[in-house]
Amino acid sequence: MPKIALLAAMATAAVGPFFVASRLITAAGVPGIALMGQVSSEKEGPMEGVLVGAKKDGSTITITVVSDEKGRYSFPSSKLGSGHYSLRIRAVGYELDGPKTLDVVSATPTTADITLRPTRNLAAQLSNAEWIASMPGTDAQKRFLLNCTGCHTLERVVRSTHNADDYVEVIQRMGIYSPGSTPARPQPLLGGTQRDPARGGNLQSAAAWLASVNLSSSETWEYPFKTLPRPSGRATRVIITEYDLPRKLAQPHDVIVDSAGMAWYSDFGDQFLGKLDPRTGKATEYPVPVLKKGFPTGALELNFDKDENVWLSLMYQGGIAKFDPKTATFQTFRLPAELQKDHTQESMVMPISSHVDGKVWTNNQDDHSILRLDLATGTYENLGTFRIPGATRNIAAYGIPADHENNLYLLDFAADNIGRLDAKTKQLKVYPTPTRDSRPRRGGVDAHNRLWFAEYGANAVGMFDPKTEKIQEWKVPTPWSAPYQAIADKDGEVWTGSMFTDRIIRLDPKNGQVTEYLLPRATNIRRVFVDNSTTPVTFWVGNNHGASIVKLEPLD
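Residues numbered from 1 in each chain as written. Predicted model: local features only at pLDDT ≥ 70, side-chain atom pairs only at ≥ 80, totals over all residues. Heavy atoms only, no water.

Looking now at helix α6 (residues 203-213). Residues of α6 that are buried include every one of L203, A206, A207, W209, L210, A211 and V213, and no others. In this structure, the buried side of α6 is in contact with α3 (139-142), α4 (154-158) and α5 (164-174). Regarding α6, its N-cap is N202, as a side-chain oxygen of that residue lies 3.1 Å from the backbone nitrogen of Q204 further along. (Buried < 20%, exposed > 50% of the residue type's maximum accessible area, 1.4 Å probe, protein only. Helix = DSSP H or I, 4+ residues; strand = E, 2+ residues; numbered from the N terminus. Contact = heavy atoms within 4.5 Å. Polar contact = N/O pair within 3.5 Å; in protein donor to acceptor, adjacent residues only side chain to side chain.)

Here T535 and P536 are connected by a cis peptide whose omega angle stands at -10°. Residue placement: P536 occurs in the loop between β36 (528-531) and β37 (538-543). At D437, a position not held by glycine, the phi torsion is positive, near 50°. Residues other than glycine seldom take positive phi values, yet R439 does so here, at roughly 55°. Inspection of the secondary structure assignment puts R439 in the loop between β27 (428-432) and β28 (440-445).

Here the focus is the sheet that holds strand β14 (residues 263-267). An order of β13-β14-β15-β16 is seen for the four strands of this open sheet, with the pairing classed as antiparallel. A strand with exactly one partner marks an edge of an open sheet, and here the two such strands are β13 (252-257) and β16 (282-287). Each strand axis lies, on average, 25° off the axis of its neighbour in the sheet, ignoring direction. Of the pairings in the sheet, the one linking β14 to strand β15 (residues 272-277) comprises four bridges and is antiparallel in character. Residue A263 lies in a different strand from β15, and its bridge partner there is L276. (Pairing = 2+ DSSP bridges. Axes fitted to C-alpha atoms, helices over the stretch in contact; angles between N-to-C directions.)

Moving on to the confidence of the model for the protein. Mean pLDDT over the protein: 93, with 94% of residues reaching 70 or higher. When the criterion is pLDDT under 50, residues 1-29 qualifies, and its contacts beyond four places in sequence or with other chains add up to 73 contacts. (pLDDT = per-residue confidence, 0-100.)

Right, dumping it as structure tokens:
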């Protein structure tokens with residue numbers, strides 16, 4: 001997000017006077033509370049669903065809580081130690097009424113009431129989903145934008161002054177960059193390789209529509225802004241911790257947590273594997289070997305095997321890597337020479353059930369072929385591509401989660417199919433999702449060996465039961481959420497995240513109840529992870545464009 005947008009959206013203040021309404025209270029009144037108060041505005045009075053963040057001077061950690069139905073917020077003393085803190089808020093349409101800092105003394109809880117005023121720059125606060133909802137046009141026209149937030153926000157699109165002809169050139173130019181690119185660090189593909197940013201759509205029509213919703217013909221937007229409601233009820237009962245990473249251009253794509261509580265992350269744009277200690281906020285990064293010098297760098301999928309070795313898919317580097325945390329050493333597995341092309345792209349790696357048969361799955365995202373690595377010999381078996389029965393095309397798998405027997409699921413991101421590949425017979429069976437063009441993206445199996453997956457195009461979460469061979473779907477209530485991945489926790493609830501709303505979605509499949517937790521700032525959500533070792537469970541995700549790791553702890 002542009003600097004001005006971040007400042008406006010979060011209203012962070014580094015210096016300033018203490019709250020006019022501040023007052024000290026005794027520890028006996030609120031045991032275990034370090035800081036508390038009420039959030040209000042002249043327009044609304046006490047305000048529910050306002051995110052209040054506190055960051056200690058010199059720290060890389062921000063703690064955020066959410067105000068309840070009476071506008072009250074509180075930070076537990078276990079999260080805030082003594083020190084000088086800056087506060088920030090997130091409440092679309094509002095900003096802090098003046099700069100706010102305060103001192104916290106662990107032995108003496110502090111009360112500080114917060115006053116908000118209407119923002120003077122609402123456009124800078126809109127999420128991607130709010131931009132889509134605000135833009136005039138049909139859903140069919142807007143659906144193109146589901147492909148436009150991998151490298152930047154939609155604010156960048158609507159603030160541009162490109163006309164339709166300009167946009168044709170811009171979209172074509174974007175096709176020559178790798179998926180791990182950002183405006184600050186574009187990475188061109190090699191050998192004339194070009195992706196299809198239009199995803200098969202009409203380029204000219206898309207360009208003309210984009211020019212009609214940006215600033216190419218006026219100095220401001222000629223349509224009203226539509227905003228999403230703030231969190232309420234259960235969605236306010238949460239504590240969110242955000243850990244800044246040392247490199248500002250870091251792109252944490254996948255985040256997973258080991259049995260010792262360390263959070264590991266892949267970098268989508270650079271050759272690093274990262275480890276974060278949540279207790280201290282210290283991040284350690286290990287340089288990943290370069291397999292193809294001069295080619296785009298960065299890794300996508302990150303997974304543990306049974307022994308908690310860390311596996312990475314190396315994208316345009318044309319291979320996968322295994323990292324041994326005990327020795328801090330990498331072992332790389334480069335694809336054979338006959339498979340190495342300029343556009344070879346290893347996006348996924350699946351070692352989770354490799355202990356069953358000694359095989360690690362991977363894919364070539366370029367042609368959607370499936371491969372598996374024999375751990376005993378270090379050689380690859382290329383299973384090739386798989387034709388959809390009764391169709392004229394192959395299944396275009398993106399996510400490739402394995403089940404408990406190391407059979408493989410192929411999630412057809414290009415359309416609406418779930419493929420199940422038998423590891424022994426190498427036969428694929430295909431199951432269409434109930435909703436057409438659902439675009440299954442990524443997922444994982446639960447304790448009952450059922451597959452849970454996100455339906456990016458259907459705004460839904462899906463579940464495939466191999467015993468009944470049936471698929472069920474649960475719609476996400478907020479439009480344009482476009483969930484990226486879904487995973488079930490130990491209690492049977494299912495978690496996913498939105499690249500467009502900055503919300504974490506918690507689904508109870510038994511009753512269909514959905515809770516949506518808003519994150520403190522714009523968060524390009526990709527892989528989601530649930531740590532089942534805590535009660536309640538703890539949710540983790542990387543801020544792919546914000547160089548941070550986010551931990552979400554529900555209070556119930």
